[in-house]
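Letter by letter, the chains look like this.
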Amino acid sequence: MVRTALVAALSLLIGAAGLVVARPAAAASLVPVTGFGANPTNLKMYTYVPDRVAATPALLVLVHYCGGSAGAIAGGNGKDFLTAADRYGFVVVLPEATRSEKCFDVSSPQALRRDGGSDSTGIMSMVSWARARYHVDSARIVVSGFSSGAMMTTVLAAQYPDVFTAASAFSGVPAGCFATTNGSLWNSTCSGGNLIKTARQWGDQARAMYPGYTGRYPRIQLWHGTTDTTLAYPNFGEEIKQWTDLHGLGPNPAFTDHPQSSWTRTRYGTTGTQATVEGVSIAGIGHQLPQTGQLGYAVSFLGLDGSTGTPSTSPSSSPSTSPPATGTCRVTASISSWNTGLTASLTVTNTGATAINGWTLDFTLPAGQSITSGWNATYAPATGRVNATNVAYNAAIPANGSIGIGFQAGHTGAVGAPTGFALNGTACGG
């Protein structure tokens, strides 16, 4: 059973956030949803849909802390996310635990396996329901949570890397750190910061949650207070080990700064606002995150403000955008590169007056680039002129709607964006 001390410590979280922007109170409110799909652990689902929703909105899954609820996080330490939703038009899904401790299961074997039949399964049913109802941009499905919700955030990112593009976890632990086999949801070794592994061991533990997956993992932002005694501070370093390994990165940050005097921020891989892995350590703070203003950083990192990130000043990261559309489609591309690898995120927009049902996007890779894995489409061949073909869940692109796809590739020096885009044979750009 989860210790009552955890619930007591987490009660300090409520009301601990500031405003992203100053706006009048929104008319929108939390709405309960039932019948959303498979829900083996009887979670509750709530949505927050702003009065003005983007045509193809982003989707944020916001997961509460132990002893919390959807209403408590929406009206307290997660309120800034809802304020941002009012401004930027994205949709928020808020799962709610119903077991007595109001904690999420990140411990059982069922919880730590993709579609395993515990809380993560129910949360993904909520995601599927919201995607279909609100025509969500599949390239901007993200997750954030606090404490127990942070632990669920890393579990969801590990189990469903083909769904989530980014995650932000406040005061959590590595995915799988809380694993138990005796029915308990509490792991004292992990909570005390005494479960220490190599980066590869942590990475393998996350990879075991989705066996056989070879694609990219979500970008992740990790926050922790140095005096946290509920989920001890060493877990912060173990999280960074895990996620740098999942992204094939080394242990040394590419960028370090201090956004505030008590903060130390490190970035790994790419170095802009939407770095591959970002860690923010808060000196002298315990289990009391997020604090005033911190969710504004998370909004930007997750891309919920519509941004594509501040480009790195390093020559190894070079965002690029394709030319304007010439037909009934438009494609924009953002490239982040390192050493001999890169990732490309493509947004495909149907600018025509009718929906597209079933699509293939053709494009040409720069010489020396070779696709090694991809998401939200199937890709063939790996070099030269490539065909990216829809998967089952994103075959339809509504009129004036968009979908997001992407891939990881190796390169021999050329790090530019693909060219010659054509959607179902119609040119989208030069």
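Preceding block: the structure.
Model, not experiment: these values are computed from the prediction.

Caption draft 1: Representation of the state of the cysteines. For the structure on display, the rule yields three disulfides. A sulfur-sulfur separation of 1.8 Å characterises the disulfide bridge that pairs cysteine 66 with cysteine 103. Residues cysteine 66 and cysteine 103 share a disulfide whose torsion about the S-S bond is about 130°; that sign makes it right-handed. Of this pair, cysteine 66 sits in the loop between strand E3 (59–63) and helix H2 (70–75) while cysteine 103 sits in the loop between strand E4 (91–96) and helix H4 (119–134), and the two are 37 residues apart along the sequence. When its relative accessible area of 3% is taken as the criterion, cysteine 66 is described as buried. By relative accessible area, cysteine 103 is classed as buried at 2%.

Caption draft 2: Representation of the nonpolar core. Counting residues in each nonpolar core, the largest one holds 55 residues, and the members touching the most others are Leu59, Val127, Met152, Leu156, Phe164, Phe178 and Trp243. In this structure, phenylalanine 164 is in contact with Val61, Met124, Val127, Ile141, Val142, Val143, Leu156, Arg216 and Pro218, ignoring residues within four places of it in sequence. If you look at the next biggest cluster of nonpolar residues, it comprises 33 residues, including Tyr65, Val142, Ala166 and Ile285.

Caption draft 3: Geometry of the packing of helix H3 (residues 79–88) against helix H9 (residues 294–302). Packing of H3 against H9 brings their axes to within 9 Å, and their N-to-C directions diverge by 50°. Judged on the interaxial angle alone, H9 and H3 are oblique. The handedness of the crossing between H3 and H9 comes out as right-handed. Within the contact between the two elements, H3 uses Asp80, Phe81, Ala84 and Tyr88 and H9 uses Leu295, Ala298, Val299 and Leu302. Taken together, the residues that form the contact of H3 with H9 break down as seven nonpolar, no polar and one charged.

Caption draft 4: Here's a closer look at the environment of asparagine 39. Mapped onto the elements, asparagine 39 comes out in the loop between strand E1 (30–33) and strand E2 (44–48). Separated by 80 residues in sequence, asparagine 39 and aspartate 119 place their C-alpha atoms 7.6 Å apart. Polar contacts involving the side chain of asparagine 39 include one to the main-chain carbonyl oxygen of leucine 43, which spans 2.8 Å.

Caption draft 5: How the structure looks around the side chain of serine 107. When you line up the elements, serine 107 lands in the loop between E4 and H4. One polar contact links the side chain of serine 107 to the main-chain carbonyl oxygen of phenylalanine 178, over a distance of 3.1 Å. Setting aside anything within four residues of it in sequence, one finds serine 107 in contact with Leu112, Phe178, Ala179, Thr180, Ser184, Leu185 and Trp186.

Basis of the calculations
- Residues numbered from 1 in each chain as written.
- Predicted model: local features only at pLDDT ≥ 70, side-chain atom pairs only at ≥ 80, totals over all residues.
- Heavy atoms only, no water.
- Disulfide = S-S within 2.5 Å.
- Helix = DSSP H or I, 4+ residues; strand = E, 2+ residues; numbered from the N terminus.
- Buried < 20%, exposed > 50% of the residue type's maximum accessible area, 1.4 Å probe, protein only.
- Core = buried A, V, L, I, M, F, W, Y, C linked by side-chain atoms within 4.5 Å.
- Contact = heavy atoms within 4.5 Å.
- Axes fitted to C-alpha atoms, helices over the stretch in contact; angles between N-to-C directions.
- Parallel < 35°, antiparallel > 145°, perpendicular 65-115°, else oblique.
- Left-handed = near helix turned anticlockwise from the far one by under 90°.
- Nonpolar A, V, L, I, M, F, W, Y, C, P; charged D, E, K, R; others polar.
- Polar contact = N/O pair within 3.5 Å; in protein donor to acceptor, adjacent residues only side chain to side chain.

Structural measurements only, silent on function.
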